[in-house]
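# Examination of the molecular architecture
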Amino acid sequence: MFIFFHKIASVKINSYFGNSYNIHLIYKSIIMSINRRQFLRRSLAGSAAIVVGKELGASTPAAVGVLPLQAEDTSPPARGKSVLGLRCKPLSTVRIGVVGLGRGAGAVKRLAQIEGTEIVAICDLNPNRVANSQKTLKNSNRKEAVAYTGEEDWKKMCERDDIDLVYNATPWELHVPIALYAMDHGKHVAIEVPAALTVKDCWALVDKAEETQLHCMMLENCCYDFFELATLNMARQGLLGDVIHGEGAYIHDLRGEKFKGYYKHWRLEYSKYHTGNPYPTHGLGPVAQIMGINQGDRMDYLSSVSTNQFGLSLWAKNNLENDERITHSERYMLGDMNTTIIHTVNGKSIMIQHDTTSPRPYSRIHLIQGTKGMAVKYPDQKVAVQPDTHSFLKEGNHKEVMAQYEHPLSKYIGERAKKVGGHGGMDFIMDWRLIYCLQNGYPLDQSVYDAAAWSCIVELSERSVLNKSCSVAIPDFTRGAWRDYKPWPVIDMQGVLHG
């Protein structure tokens, strides 16, 4: 019937119009009309299917229109038990090996200021970085560390029997190999962000941590920012009600750094071949902790959209006219602004953005929305709570609320952290807390499941973008254990553990 209609339509069109362009337009209109009717029929059928699903007891329509997990997303049978809430043997002195002395140089400085630590070994390909870290240790009245500078000397460091913790601050591609090797040799691991770039590697970290029963923590420092800690306290104390939505971001103009500031241009190289959100954890981590992700809730699926790429090409054109390393013909795949929306099993939502190639001020957004109020950090720290949520708290009331809900951890160690430094002090709070938990045999604030769940957004957001923002399922890295845990209450430094 369609073929017959097509022929009749073509005859009539040709009898009225001689211009092929007009014929094309009319034909296109006819086809679009047919397609719209087909779309409506399919939409109604899809709606009926969702209704039927609900009647049959389906908890969520997530299965409708969601790309399923791929084979590489799924884990092999567990080789050990869950490490959610893992307690390990207390370490009176935490003996540390630091690999990667670019970002890791700051870690050496901070760790040297924490009681009960020993920097046993340091490793970097650049001998000057090693020498500078040795000076840092000397200035902190610490003994010189064993130095490693070979391409794979990190293996030798991991093989030592006098190290408890490997602190991994290397470029992205080395995060997983070093972490797995370290755990295979009986070491706890702390990994810079993101912990992994693929879902397969996220599972590898989970499986290895469960197999070895060792800690594998991603060093998400933004979870220890003073305002983020305060909003965590607000949420746990009920000031904001039930938290239903959160927003986070990593918006940071890194155009110059991408071209000039990184070892082997590893950020720039990633931008050539990938899209999506390659750096989701700064924005996601604090929100996920507040929402109790992997502790009573988990991320279910996401949808992601990216702009085209503009910023890198424009920056190269304007600033690298005579630079033979970078040609104008180079093309970059990473879109300037990526927006990813995540839906949780309990029906809550998270928005995460990434943009490192646009000329705009730094922002992580950090917005927490509850049923009784909200808090947001950028561009200014503001809180709005019932009964008057049409406006933010006035300055005096804002200060009172911030003082009342200051997190016990920042209250306990915050002033010292500001003096030691590291992104305003939050890096020191993170390192201090990590060492404190290892010394006392406590579970860490961030588990390997958090490292995996927050990091898997790298690949899954790209997968969504390349499929016209189709929803993508997010694996359950806890293997169902998230259901048996409630979000930890706020840490009470006068007590023992998490309240």
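All figures in this text were calculated on a predicted structure; none of them were measured in a lab.

## A closer look at the sheet that holds strand E7 (residues 216-218)
Strand order in this open sheet of six strands is E4-E3-E2-E5-E6-E7, and the pairing throughout is parallel. Every interior strand has two partners, whereas the edge strands, strand E4 (146-148) and E7, have only one. On average, each strand axis in the sheet is inclined to that of its neighbour by 20 degrees, with strand direction left out of account.

## With respect to helix H7 (residues 199-212)
Between its first and last C-alpha, H7 extends 20 Å over 14 residues, near the 20 Å set by a 1.5 Å rise per residue. Those residues of H7 not exposed but buried are Val199, Cys202, Trp203, Leu205, Val206, Asp207, Lys208, Ala209 and Glu210. On the buried face of H7, the contacting elements are helix H6 (175-184), strand E6 (188-191), E7, helix H16 (448-455) and helix H17 (457-466). Positive phi shows up at Gln213, right after H7, with a value of about 55 degrees.

## A closer look at H17
Most of H17 sits out of view: nine of its ten residues are buried. Lys468 occupies a position one or two residues after H17 and carries a positive phi of about 55 degrees.

## A look at the sheet that holds strand E8 (residues 243-251)
The strand order across the open sheet built from nine strands is E1-E15-E9-E10-E11-E8-E12-E13-E14, with neighbouring strands paired in mixed fashion. Of all the strands in the sheet, the pair left with one neighbour each is strand E1 (66-67) and strand E14 (382-385). Pairing analysis gives seven bridges linking E8 to strand E11 (residues 349-355), with the strands arranged parallel. From the neighbouring strand, His245 faces E11, where its bridge partner is Ser349.

## Section: unusual backbone geometry
Here the residue pair Val193 and Pro194 is connected by a cis peptide bond, since its omega of -20 degrees sits within 30 degrees of zero. Note that Pro194 resides in the loop between E6 and H7. Omega for the peptide link from Gln386 to Pro387 comes to 10 degrees, which places this bond in the cis form. When you line up the elements, Pro387 lands in the loop between E14 and helix H13 (395-404). One non-glycine residue with positive phi stands out, namely Ile365, at about 60 degrees. Tracing the backbone through its elements, the reader meets Ile365 in the loop between E11 and strand E12 (367-370).

## Let's talk about the packing of helix H8 (residues 226-236) against helix H11 (residues 281-291)
It is at 9 Å that the axes of H8 and H11 come closest, and there the two elements cross at 20 degrees. Classed by the angle they form, the pair H8 and H11 counts as roughly parallel. Once H8 is placed against H11, the crossing between them reads as right-handed. Facing H8, whose interface residues are Glu228, Thr231, Leu232, Ala235 and Arg236, H11 presents Pro286, Gln289 and Ile290.

## Quick notes on the confidence of the model for the chain
In this model, the chain carries an average pLDDT of 87, and 84% of its residues clear a pLDDT of 70 or more. This stretch, residues 1-63, has a pLDDT under 50; its non-local contacts, to residues over four places away or in other chains, come to 20 contacts.

## Some points on the pattern of salt bridges
Note that side chains of opposite charge can pair when their charged atoms are close. This model, assessed by the stated rule, comprises 28 salt bridges. Of the charged contacts in the structure, one is a salt bridge between Arg110 and Asp427, with a shortest N-O distance of 3.8 Å. Taken together, the positions of Arg110 in helix H3 (residues 104-111) and Asp427 in helix H15 (residues 426-440) put the pair 317 residues apart, joining distant regions of the chain. Across this residue pair, the class does not change: Arg110 and Asp427 are buried. Among the ionic pairs, Glu459 bridges to Arg463, the shortest N-O distance being 2.6 Å. One end of the pair is Glu459 and the other is Arg463, both in helix H17 and four residues apart, which spans about a single turn. For the pair shown, Glu459 and Arg463 are each scored as buried. Each of Arg79, Asp184, Lys208 and Glu211 takes part in salt bridges that share partners, so that together they form one network.

## A short note on the packing of aromatic side chains
With the rule as written, the count across this model stands at 13 aromatic pairs. Between Trp203 and Phe477, the aromatic rings sit 4.8 Å apart at their centres with planes inclined by 50 degrees, giving tilted as the arrangement. Taken together, the residues span a long stretch of sequence, with Trp203 in helix H7 and Phe477 in the segment after strand E15 (471-473) at a distance of 274 residues. Each of the two residues, Trp203 as well as Phe477, counts as buried.

## Things to note about the pairing of strand E13 (residues 373-376)
Judged by which residues are buried, E13 turns out to be covered on both faces: Gly373 and Ala375 on one side and Met374 and Val376 on the other are all buried. Inspection of the sheet shows E12 paired to E13 by three bridges, in the antiparallel sense. Bridged to Leu367 within E13 is Val376. Linking E12 to E13, which pair antiparallel, is a turn of two residues.

## Focus on the state of the cysteines
As used here, a disulfide is simply a covalent bond connecting the sulfur atoms of two cysteines. In this structure the tally under the stated criterion is zero disulfides. The closest cysteine sulfur to the non-disulfide-bonded Cys123 is located on Cys158, 8.5 Å from its own sulfur. Taking the relative accessible area as the measure of exposure, Cys123 reaches 4% and is therefore buried.

## Focus on the environment of Lys260
With respect to the helices, strands and loops of the structure, Lys260 is situated in helix H9 (residues 255-260). Classification of Lys260 as exposed rests on a relative accessible area of 57%. If we skip the residues at most four places from it in the chain, Lys260 touches His265, Trp315 and Leu320.

## Observations concerning the side chain of Asp153
Of note, Asp153 is situated in helix H5 (residues 153-159). Accessibility expressed as a relative area gives 14% for Asp153, which makes it buried. In this structure Asp153 touches Cys123 and Tyr148, once residues within four positions along its chain are discounted.

## Structural notes on the nonpolar core
Most often, soluble globular proteins keep nonpolar side chains buried together rather than apart. Among the nonpolar cores identified, the biggest contains 121 residues, and Leu205 and Phe477 are the most heavily contacted of them. In terms of residue count, the dominant contributor to this core is H15 (ten residues). Counting residues in each nonpolar core, the second largest holds nine residues, with Ile251, Met351, Ile365 and Ala384 among its members.

The rules we used
Per chain, the residues get numbers from 1 upward, laid out in the order the sequence is written. It should be noted that, the model being predicted, local features are given only for residues of pLDDT at least 70 and side-chain atom pairs only at 80 or more, the latter also being counted only at that level, while totals for whole chains, interfaces and linings use all residues. By convention in this description, side-chain values take in all heavy atoms of the structure and omit both hydrogens and water. What makes two strands pair is DSSP finding at least two bridges between them. By definition, any uninterrupted DSSP run of H or I lasting at least four residues is a helix, any uninterrupted run of E lasting at least two residues is a strand, and each is numbered from the N terminus. Here an angle of 0 to 180 degrees is reported between the N-to-C directions of two axes, which are lines fitted to C-alpha atoms, with helices fitted over the stretch in contact. Working rule for helices: expected span equals 1.5 Å times residues minus one. Burial status follows relative accessibility: with a 1.4 Å probe on protein chains alone, a residue under 20% of its type maximum counts as buried, one over 50% as exposed, and anything between as partly exposed. In this analysis, two residues are considered to be in contact whenever any of their non-hydrogen atoms come within 4.5 Å of each other. For classification purposes, an angle smaller than 35 degrees is called roughly parallel, one larger than 145 roughly antiparallel, one from 65 to 115 roughly perpendicular, and anything else oblique. Crossing handedness is defined as follows: a turn of the near helix away from the far one that is anticlockwise and smaller than a right angle gives a left-handed crossing, while the clockwise case is right-handed. The quantity called pLDDT is the predictor's confidence in a given residue, expressed from 0 to 100. In what follows, salt bridge is the name for a side-chain nitrogen of Lys or Arg lying within 4 Å of a carboxyl oxygen of Asp or Glu. In this analysis, rings of Phe, Tyr and Trp, with Trp reduced to its six-membered ring, are considered paired at centre separations within 6.5 Å, and the interplanar angle assigns stacked below 30 degrees, edge-to-face beyond 60, and tilted for intermediate values. For this text, the term disulfide refers to a pair of cysteine sulfurs within 2.5 Å. Definition used in this section: a nonpolar core is a set of buried Ala, Val, Leu, Ile, Met, Phe, Trp, Tyr and Cys residues joined via side-chain atoms within 4.5 Å.

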